[in-house]
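# Working through the structure, step by step
Residue-level listing of the chains:
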Amino acid sequence: MSALKLHAELDAIWRRQSGWKGVLTNVNHSDLGIRFMVAAGVYFAIGGILAMLIRAQLATPRSAFVGPEIYNQIFTMHGSLMMFMFAIPFFEGLAMYMLPKLLGSRDLAFPRLSAFGWWCYLFGGLILLAAMALGLAPDGGWFMYTPLASKTYTPGINADVWLLGITFVEISAVCASVEITVTVLKLRAPGMSLGKMPIFAWYILVTALMMVVGFPPLILASTLLEIERAFGWPFFDPTRGGHPLLWQHLFWLFGHPEVYIIFLPAAGAVSTILPVMARTRLLGHGAIVAAIMALAFLSFGLWVHHMFTTGIPQLSLSFFSAASMAVAVPSGIQVFAWIATLGKGRVKWIVPTYFMMGFLFIFVLGGLTGVMVAVVPFDWQVHDSYFIVAHLHYVLIGGMVFPMFAAIYYWWPTLNDTTLSERLGRWAFWLMFGGIAGLLVLLARRADVVVESPKVDVRNPFTDQLGVHRYPGDVLDVENHPTPGAHGRY
């Protein structure tokens, strides 16, 4: 076959289609990665609006802004969109976009598998949004605990919508994890051993392996619950031989590793960007890789961390409490390596640097509160309180959202051959940082109605102002206008 004919045949396979046809048919890694990131950004915006509605309801005692049914739907949809539709898919998209460029490969291993995952992700999200528009959104919490989510206590289709939509999203995540794992292990450039691989690829590889193991339990759980609801099988019904804690075990066997599945790609972006901003090499590369693998291993041994108040035997409580404390060690190794890298270099203070500094401050606070709730007696006192909500948001906003914006500002020239406004970026950072740093210290509680109390009267309106104060920062990031002709500035 002549070289010209071979080129024509390859071009027919790899050519990017333009317009709507390209949106529907392109399967190359760049287009798919951008689709995932853009869709995740849309879900992030919707989830943020729902969060402001939650705070509007809780701003005043006995508020009639929304009723209990609508409040439960808003609360559930906020958590579901943020955890399932935004946090993981955004970094799936970033990994799809960046990995072939970092590894020196032409594309991902199975481009059509990634495309299939994209359509599953989009379809699952649209199911949830359509249900919300029709007033049929899930209302049992983003964790969908049984027996509350059983047919007896949730007789409508609200829970079925959640189970169907989230299952499609989880199938999408499994497709992405298989795609990324094979790509990293089999499609590296000649001569690029695992030891020579970029640190971001290490983070993504470990994350993908965690997804391969962690997501099937939730797919199993949602399938079993839907079978119970549709056909009356008693998997979680204690009156007929089932057990409601089975759902919690399956859910948190996925749910706690999910926190690290969200955190590790963000930490990979930090480990990539921070040495550039510090103008030096990343210190402790080998220790960081070992810490990543230790974190992945330990994360699957502490799911009962979320179930300390359910009557678990004392010996089990001791084991999972120790594991919950031990997981702080590999996280600490990474934090100290980043701080040492900053101390060794000469820091360049631009927008990605600000977001990484915000990440270090907020994430460390969230991590310290995680060690606190690993202590069983303390956890008994704060379980289901806003201390836990604050801990969750400090870890996820500090550990994921701030690195996400650092990555967007840093890699935007690669995506679009432009740079974003430095001035708007700094405004966005300080609005977000000021909002999150003060917001969750003063939160009240998760109920749809706040009773009258002198403490609540002072605390809640101020809290809600801080919550609304943070989101203009997100909006400024979304609305930040690119500056052309400044490619490769960082």
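For the structure itself, look to the data block above.
Summary of the structure given here.

Basis of the calculations
- All residue numbers refer to position in the chain's written sequence, counted from 1.
- Where totals are concerned, whole chains, interfaces and linings use all residues; where local detail is concerned, this predicted model gives features only for residues with pLDDT of at least 70, and gives and counts side-chain atom pairs only at 80 or more.
- Excluded from the side-chain calculation are hydrogens and water; included are all heavy atoms of the structure.
- Buried residues of nine kinds, namely Ala, Val, Leu, Ile, Met, Phe, Trp, Tyr and Cys, make up a nonpolar core once their side-chain atoms join them within 4.5 Å.
- Exposure categories follow from relative accessible area, calculated using a 1.4 Å probe and restricted to protein chains: below 20% of the type maximum is buried, above 50% is exposed, and the middle band is partly exposed.
- Each helix is a run of DSSP H or I of at least 4 residues and each strand a run of E of at least 2, with the numbering of both proceeding from the N terminus.
- In what follows, residue pairs with any heavy atoms lying within 4.5 Å of each other are defined as contacts.
- Pairing of N or O atoms within 3.5 Å defines a polar contact, subject to two protein rules: one partner must be a possible hydrogen donor and the other a possible acceptor, and residues neighboring in sequence count only if both atoms are side-chain atoms.
- Simply put, an axis is a line fit to the C-alpha atoms, just over the touching stretch for a helix, and the angle between two N-to-C directions goes from 0 to 180 degrees.
- To sort the angles, those under 35 degrees are grouped as roughly parallel, those over 145 as roughly antiparallel, those from 65 to 115 as roughly perpendicular, and the leftovers as oblique.
- Handedness of each helix crossing follows the sense of rotation of the near helix against the far helix: counterclockwise by less than a right angle gives left-handed, clockwise gives right-handed.
- Residue type decides the class: Asp, Glu, Lys and Arg count as charged, Ala, Val, Leu, Ile, Met, Phe, Trp, Tyr, Cys and Pro as nonpolar, and the leftover types, Gly among them, as polar.
- By definition here, a salt bridge exists when the distance from a side-chain nitrogen of Lys or Arg to a carboxyl oxygen of Asp or Glu is within 4 Å.

Counting residues in hydrophobic clusters, the biggest one holds 144 residues, and the most contacted among them are Phe-84, Phe-86 and Trp-338. A total of 21 residues in this core trace back to one element, the largest contributor, which is helix 4 (residues 68-103). Once you skip the residues sitting within four places of it in the chain, Trp-338 turns out to touch Tyr-203, Phe-263, Ala-267, Val-270, Ser-271, Leu-274, Leu-282, Phe-359 and Leu-360.

On to the side chain of Arg-229, then. Position of Arg-229 relative to the elements: it lies in helix 7 (residues 199-231). Looking at Arg-229, the relative accessible area reads 4%, which means it is buried. Polar side-chain contacts of Arg-229 include one of 2.9 Å to the side chain of Asp-160.

Looking now at the packing of helix 5 (residues 111-133) against helix 6 (residues 158-186). Between helix 5 and helix 6, the shortest axis-to-axis distance is 8 Å and the interhelical angle comes to 160°. Put simply, helix 5 runs roughly antiparallel to helix 6. The way helix 5 lies across helix 6 gives a crossing that is left-handed. The residue inventory of the contact of helix 5 with helix 6, partitioned by class, reads 19 nonpolar, 6 polar and 1 charged.

Moving on, we come to the pattern of salt bridges. By the definition in use, this model includes 3 salt bridges. For the salt bridge of Asp-160 with Arg-229, the shortest nitrogen-to-oxygen distance reads 2.9 Å. With a gap of 69 residues between them, Asp-160 in helix 6 and Arg-229 in helix 7 connect regions that are remote in the sequence. Exposure class is identical for Asp-160 and Arg-229. Each is buried. Asp-237 is the salt-bridge partner of Arg-240, the closest N and O atoms lying 3.0 Å from each other.

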